[in-house]
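The lines below spell out each chain.
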Amino acid sequence: MRIDTSQSAINGVYPFTKPKEPNGNVLTVPKLADYDIHPITGFLPSDPPPLRRLPEKFEPWETVLDELSDLLLAGKLRVTVARIPEIEATSLTTHREWQRAYMVLSFIGQAYVWGRNGEATEVLPRNIAKPWYETAKYLGLRPVITYAAVELYNWKALDPSGPLDLSNLAVMKTFTGPDEAWFYLISIAIEACGAPALPAIVASLEAVVSRDLYALIDNLKILVQITEDISKVLVRMYEKNDPHIFYHRVRTYLAGWENTSELPKGLLFEGVTDPEEGDVVEIDLPKPNGVPKSPPSVTHPPRHVHGTYLKLAGASAGQSSLIHSLDVALGVEHHPTRPTMPPSPLHPDPSTHAPAKPINHIHQMRKYMPGPHREFISALERAPSLRTFVYELVNTPGNDPVQADEIGRLYNRCVENMRSFRDRHMQIVAAYIVLQAKKKKDVGQIDKRAAQASRVRESLQAQGTGGTDLIPFLKQSRNETSEARVELEV
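Residues numbered from 1 in each chain as written. Predicted model: local features only at pLDDT ≥ 70, side-chain atom pairs only at ≥ 80, totals over all residues. Heavy atoms only, no water.

1. Things to note about the overall build of the chain
We count it as follows: Strands here mean DSSP runs of E at least two residues long; helices mean DSSP runs of H or I at least four residues long; both are numbered from the N terminus. Residue contacts are counted whenever heavy atoms from the two residues lie within 4.5 Å of one another. In this description, accessible areas are obtained by the Shrake-Rupley approach with a 1.4 Å probe, and a residue is regarded as covered only by the protein chains that are shown.
Within the chain, the secondary structure is distributed over 19 helices and six strands. Across the chain, the fraction of contacts at a sequence separation of at least 24, relative to all contacts at a separation of at least 6, is 79%. When the accessible surface of the chain is totalled, it reaches about 22100 Å², and 54% of it is carbon and sulfur.

What follows is the structure, encoded as structure tokens:
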């Protein structure tokens with residue numbers, strides 16, 4: 001290849017044919033503003049920040065949220081929820097109101113389903129089920145607790161003029177208290193810390209299109225720093241989140257109902273009859289939904305309900321659009337894995353299950369992201385490939401070897417930093433979940449706590465991994481990250 005000595009080449013800008021799709025269309029770089037992404041705070045809502053309370057019409061929801069922990073402790077959550085009047089979600093007006101409503105209903109809905117150390121309920125009453133489903137659909141989410149509910153829509157700055165880091169961030173709601181709050185805050189701080197990566201990704205792809213190597217170097221340096229910094233935030237998890245509290249008290253409320261023996265058919269959303277979700281079913285409940293067990297002398301007439309069963313995974317860090325964006329931008333490819341089904345009354349031994357169809361669990365998590373963020377990731381996948389550009393740059397004779405080598409090394413540092421991030425995440429999972437699951441029951445632990453622990457163990461497979469074994473899945477994801485490295489000549 002002839003070395004170009006033109007002025008544009010000297011400036012680091014090399015003329016070339018713009019990358020195209022197989023159909024001949026020029027590949028385009030997405031713009032952040034088109035996907036509800038803030039240039040400073042990234043996927044965290046900003047200008048204005050998340051709403052702290054809904055208008056007066058929705059006060060019945062907010063009042064239950066205010067007293068959520070107390071109602072759970074007193075065993076009165078379901079009775080109280082049953083008395084909430086039906087409120088139309090269509091009365092919501094601004095985008096922040098829709099986000100706040102989804103967050104509020106997610107906390108109430110999860111608390112209703114799982115209770116406190118008790119039995120899960122199979123039916124969610126229509127006064128919560130319908131508006132939760134409608135707000136989720138409006139936002140492109142799913143009616144289950146998600147990363148968006150507990151992280152993106154659940155933060156506030158203690159000092160609005162201060163930095164968005166752990167010294168100035170707080171959450172608006174938890175189920176259980178400060179350990180849970182710290183768990184959320186770590187992810188929120190990672191989102192804030194990683195936000196500058198998004199304009200750097202876009203600028204890097206634009207540099208690929210224009211072949212501006214100096215601009216690419218500058219933006220890769222930004223990505224190197226950010227991928228290092230998010231790991232520093234992640235390891236602060238240990239500071240204020242006790243593994244025992246997280247495993248036994250917090251994790252339960254983050255579980256979904258996709259692969260659990262307690263809700264083998266999923267959760268019935270009363271009043272939800274969207275044909276896109278499947279068949280509408282009708283069942284008779286032995287007593288009004290939400291009413292606790294009564295003395296033998298008290299009877300209740302059966303209640304006829306209709307709705308749709310939904311099987312959904314719970315909240316997971318795997319739903320972070322930031323991490324997905326970094327993966328896609330760096331050309332990290334994640335492959336399907338074969339899920340392991342949890343034990344059930346019909347199949348107590350999981351090994352007796354027929355082999356399940358392989359699932360790309362990381363891609364499955366995109367269903368639980370806000371719609372515009374999911375679309376941004378898809379747009380990144382359609383954009384020019386940074387990895388392909390770097391590979392061709394370092395392997396094509398005639399390119400400036402100094403620039404090519406620097407770009408290759410910066411790119412590989414980004415990939416290695418993402419692998420390191422996943423290593424640290426896997427260590428946290430081992431400490432907070434795997435080791436806790438292996439510990440024996442505490443002295444004096446009652447049977448309900450044992451049932452709760454069993455529920456949590458099952459949820460490890462459903463949440464964030466769609467039914468796969470947790471540690472093998474995380475190891476696969478880490479190894480797939482390493483495979484994105486570009487080989488450089490020594």
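Now that the structure has been shown, we can carry on.
2. Quick word on the packing of helix α16 (residues 386-395) against helix α17 (residues 401-438)
Relative orientation and spacing of two packed helices are given, respectively, by the angle between their axes and the distance between those axes. Our working rule: Throughout, an axis means a line fitted to C-alpha atoms (over the contacting stretch in the case of helices), and angles, computed between N-to-C directions, take values from 0 to 180 degrees. Take the far helix as your reference; a near helix turned counterclockwise from it by less than a right angle gives a left-handed crossing, and one turned clockwise gives a right-handed crossing. Gly is put with the polar residues, along with every residue not named as nonpolar or charged; the nonpolar set is Ala, Val, Leu, Ile, Met, Phe, Trp, Tyr, Cys and Pro, and the charged set is Asp, Glu, Lys and Arg.
The contact between α16 and α17 brings their axes to 9 Å, and the two run at 140°. Judged by the sense of rotation from one axis to the other, the crossing of α16 with α17 is left-handed. Along its contact with α16, which presents L386, R387, V390, L393 and V394, the element α17 presents A404, I407, G408 and Y411. Of the residues contributing to the contact of α16 with α17, the split by class is seven nonpolar, one polar and one charged.

3. Side note on unusual backbone geometry
Look at the link from D47 to P48: it is a cis peptide, with omega at 5°. Examined against the element boundaries, P48 turns out to sit in the loop between α1 (7-10) and α2 (59-66). A positive phi is found at D36, a non-glycine position, where the angle reads about 55°. Tracing the backbone through its elements, the reader meets D36 in the loop between α1 and α2. The backbone phi angle of D47 is positive, close to 55°, even though this residue is not glycine. Take D47: it is sitting in the loop between α1 and α2.

4. Describing the pattern of salt bridges
Applied cut-off: Any carboxyl oxygen of Asp or Glu that lies within 4 Å of a side-chain nitrogen of Lys or Arg is treated as forming a salt bridge with it. For the exposure calls, accessible area comes from a 1.4 Å probe over protein chains only, and a residue counts as buried if that area is under 20% of its type's maximum, exposed if over 50%, partly exposed in between.
In this structure the tally under the stated criterion is 19 salt bridges. A salt bridge links R142 to E277, with the shortest nitrogen-to-oxygen separation between them at 2.9 Å. Of this pair, R142 sits in the loop between α6 (126-139) and α7 (147-152) while E277 sits in the loop between β4 (267-270) and β5 (281-285), and the two are 135 residues apart along the sequence. Here R142 matches E277 in class, with each residue buried.

5. Considering the confidence of the model for the chain
Quick reminder of the rule: Predictor confidence is given residue by residue as pLDDT, running from a minimum of 0 to a maximum of 100.
In this model, the chain carries a mean pLDDT of 86, and residues with pLDDT of at least 70 account for 81%. Confidence drops under a pLDDT of 50 for residues 288-300, and excluding neighbours within four residues, the segment shows 21 contacts in the predicted structure. In this model, residues 343-347 is a region of pLDDT below 50 whose contacts with residues beyond four sequence positions or in other chains number eight contacts.

6. Structural notes on the sheet that holds strand β1 (residues 123-124)
Within a sheet, adjacent strands bond to each other through the backbone by hydrogen bonds, running parallel or antiparallel. Condition: Two strands make a pair as long as DSSP finds a minimum of two bridges between them.
The strand order β1-β4-β6-β5 describes an open sheet built from four strands, whose pairing is mixed. Looking along the sheet, the strands with just one partner apiece sit at the ends: β1 and β5. The sheet contact formed by β1 and β4 spans two bridges and is parallel. Bridge assignment links L124 to a residue of β4, and that residue is F269. α6 contacts β1, β4 and β6 (303-310) of the sheet and is inclined by roughly 90° relative to β4.

7. Focus: the layout of surface pockets
Our working definition: Only protein atoms enter the 1 Å grid used here. Points where a 1.4 Å probe fits but cannot escape make up a cavity, open sets with protein on both sides within 12 Å along at least five of seven lines make up a pocket, and a residue lines them when an atom lies within 4 Å of a point. Grid points are joined across faces, edges and corners, and a volume is the space filled by probe spheres set on the points.
The volume enclosed by the second largest pocket comes to roughly 340 Å³. For the second largest pocket, the lining is made up of 19 residues, of which V328, G331, V332, E333 and E381 are closest to its centre. Elements that contribute at least two residues to the lining of the second largest pocket include exactly α13 (321-330), α14 (361-364), α15 (371-382) and α16. Of the residues in the lining of the second largest pocket, the class split is nine nonpolar, five polar and five charged.

8. Overview of helix α5 (residues 95-114)
Basically, it comes down to this: Here, expected helix span is obtained from the residue count minus one, scaled by 1.5 Å.
A rise of 1.5 Å per residue sets the reference length of α5, with its 20 residues, at 28 Å; its end C-alpha atoms lie 29 Å apart and thus fit the reference within 8%. Among the 20 residues that make up α5, 19 are buried, leaving the element largely enclosed by the rest of the structure. One or two residues past the end of α5 sits G115, with phi positive at roughly 60°.

9. Overview of the pairing of β6
Here four bridges tie β4 to β6, and the two strands are oriented antiparallel to one another. By the bridge assignment, L267 is partnered in β6 with L310. Note that β5 and β6 share five bridges and pair antiparallel. In the sheet register, V281 faces β6, and the bridge partner there is G307.

10. Details of empty space enclosed by the protein
A full pass over the atoms with the stated rule returns three cavities of 30 Å³ or more. Considered as a void within the structure, the largest cavity measures approximately 790 Å³ in volume. In terms of lining residues, the largest cavity is bounded by 40 residues, among which S316, A317, G318, H425 and V429 are the most central. Secondary structure elements with two or more residues in the lining of the largest cavity: α7, α8 (178-194), α13, α14, α17 and α19 (470-482). Per-element accounting of the lining of the largest cavity gives the leading share, eight residues, to α17. Residue composition of the lining of the largest cavity, grouped by class: 24 nonpolar, twelve polar and four charged. Volume-wise, the second largest cavity comes out at about 70 Å³. Every residue along the wall of the second largest cavity is listed here: E86, I87, E88, R126, N127, K130, P131 and E134. Residues of the lining of the second largest cavity, tallied by class, amount to two nonpolar, one polar and five charged.

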